[in-house]
Amino acid sequence: MDGLMDVVQSILGAGPSVMLPIIIFIVGLIFRVPIKKAIISGITVGIGMIGINLVITVLTTNVGPAAQAMVERFGLNLTIIDAGWPAVSAGTWAQPIAAVMIPVILIVNLIMLALNRTKTLNIDIWNYWHVSSVAATGYIVTKSFFFGILCGILFTIIIQIIADKTAPKVQEYYGLEGISITTGSAQGYAVLALPVGWLVDKIPGINKLDVKPETIQKRFGIFGEPMIMGIIIGMFLGLLGGYDLIGILQIGMNMGGVMFLMPRMVKILMEGLIPIQEGAQKLLQSRYGDREIYLGMDAALATGSPAALSTGLLMVPITLFLAVILPGNRVLPFGDLATIPFFAALVVPSRKGNILHSVISLTVVMAAALLMATNFAPVITEMAQGIVKFPDGAAEITNLDTGGNFLKWIFLKFSELVAQVM
């Protein structure tokens, strides 16, 4: 098992910029794309992912310190630290059940495709850890290896179904033809946020407020430009963090750069995916008529939208405010604050890019997420014990990505119920 885990860690350690070209090349050959075109597609996708990761690095290295500065400035003192998704991912892959889940996820996906129970081929392999974290949760709570695998199988099926159901709006709003989003964190937040958003749209007065990048640009001219919106939001975060004038201007420019560059990086990646998507559709149509197939991808693609990025960035101070005032919350948001734009990936298309409605929806969900993350802390702490260095002064850790994920929390409760009767 240790040897298998070492192999898995080595493959995953290569990162998406290396894994994606290989996966895209193999998928291209399966779908009978010419070898030359498959190679170029794979490399183009890899270069696009490098660009996306570079921009995400700018995002996280600016938002993280700003969030920490807000925490220190306002003297937040909560006892469970949000260690972020990298810590929980490391804790997940350290569990003996994690390596087994990779082939299980692939097999379940292929069976569902063969039986026409899904349209999505999930090639987002580095995010398989979301499924493995559910399997690890079931295993830790019940001490049953097979129950953990069952949890992973059920979560895989749920991910496929949600990816299929949300794909039409994802493709229409983001312009991502043939793509579905299979990232577990984006789906977990959407499950609650979509019905909340539907209710928000029924509130008199609020339902008439159309706050989209396009309408902002139409009404406010240059201030509606995505890069200017990024600068304004970035300066707002710096101001809340107590930065000096230079620091405020720097984070503003960096966020403006993120808003400007991210759509271009996503466009490069999509250029590489188009031949694969066309090959898949051609092959499927020759065999099954008009049957569609989607390529399951990372929620990072959604961050090419100014509305998704703006929603995520505005949620950073809102999440910190909620942490202070919410009765029962013990979580100090920190590590996952910079990843909140990913949580908005499936919410923004459902609100047709309305930033106000998206923020309101996610605010309600984030309040629930903080309470769920508090409840999830003992299991996540056990998962990461001895694997992850805990932040100073933290006896327990959790995160928003897993601990605040409604779908994963349901599996936690399911596992606890099963453990009581075992």
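Residues numbered from 1 in each chain as written. Predicted model: local features only at pLDDT ≥ 70, side-chain atom pairs only at ≥ 80, totals over all residues. Heavy atoms only, no water.

Undergrad: Teacher, can you tell me more about the nonpolar core here?
TA: Ranked by internal contacts, the top residues of the largest apolar core, which has 131 residues, are Ile52, Leu269, Leu273 and Met366. Beyond its immediate chain neighbours, meaning those up to four positions away, Leu269 contacts Thr44, Val45, Gly48, Met49, Ile52, Met297 and Leu301. (Core = buried A, V, L, I, M, F, W, Y, C linked by side-chain atoms within 4.5 Å. Buried < 20%, exposed > 50% of the residue type's maximum accessible area, 1.4 Å probe, protein only. Contact = heavy atoms within 4.5 Å.)

Undergrad: Sorry, what's going on with the packing of aromatic side chains here?
TA: Each aromatic ring pair is described using two quantities: the centre-to-centre distance and the angle formed by the ring planes. Taken as a whole, this structure holds 7 aromatic pairs when the rule is applied. Centre to centre, the rings of Tyr139 and Phe145 are 6.0 Å apart; their planes meet at 80°, and the pair counts as edge-to-face. A relative accessible area of 24% means that Tyr139 is categorised as partly exposed. Judged by centre distance (6.3 Å) and plane angle (80°), the rings of Phe145 and Phe146 are edge-to-face. An aromatic cluster of three or more residues is present, and its members are Tyr139, Phe145 and Phe146. (Phe/Tyr/Trp six-rings, centres within 6.5 Å; stacked < 30°, edge-to-face > 60°.)

Undergrad: Would you mind showing me how to read the packing of helix 5 (residues 98–114) against helix 6 (residues 129–142) here?
TA: Angle between the axes and distance between the axes: these two values describe a pair of packed helices. Put simply, helix 5 and helix 6 touch, their axes get as near as 9 Å, and they point 125° apart. Taken together, the axes of helix 5 and helix 6 are oblique relative to one another. Considering how the two elements wind past one another, helix 5 and helix 6 form a crossing that is right-handed. Residues Ala98, Met101 and Ile105 of helix 5 pack against Val131, Ser132 and Ala135 of helix 6. Looking at the contact of helix 5 with helix 6 residue by residue, the class counts come to 5 nonpolar, 1 polar and no charged. (Axes fitted to C-alpha atoms, helices over the stretch in contact; angles between N-to-C directions. Helix = DSSP H or I, 4+ residues; strand = E, 2+ residues; numbered from the N terminus. Parallel < 35°, antiparallel > 145°, perpendicular 65-115°, else oblique. Left-handed = near helix turned anticlockwise from the far one by under 90°. Nonpolar A, V, L, I, M, F, W, Y, C, P; charged D, E, K, R; others polar.)

Undergrad: For this particular structure, what's the right way to read unusual backbone geometry?
TA: At Arg32, a residue that is not glycine, the phi angle is positive and equals roughly 65°. As for its position among the elements, Arg32 is in the loop between helix 2 (16–30) and helix 3 (35–73).

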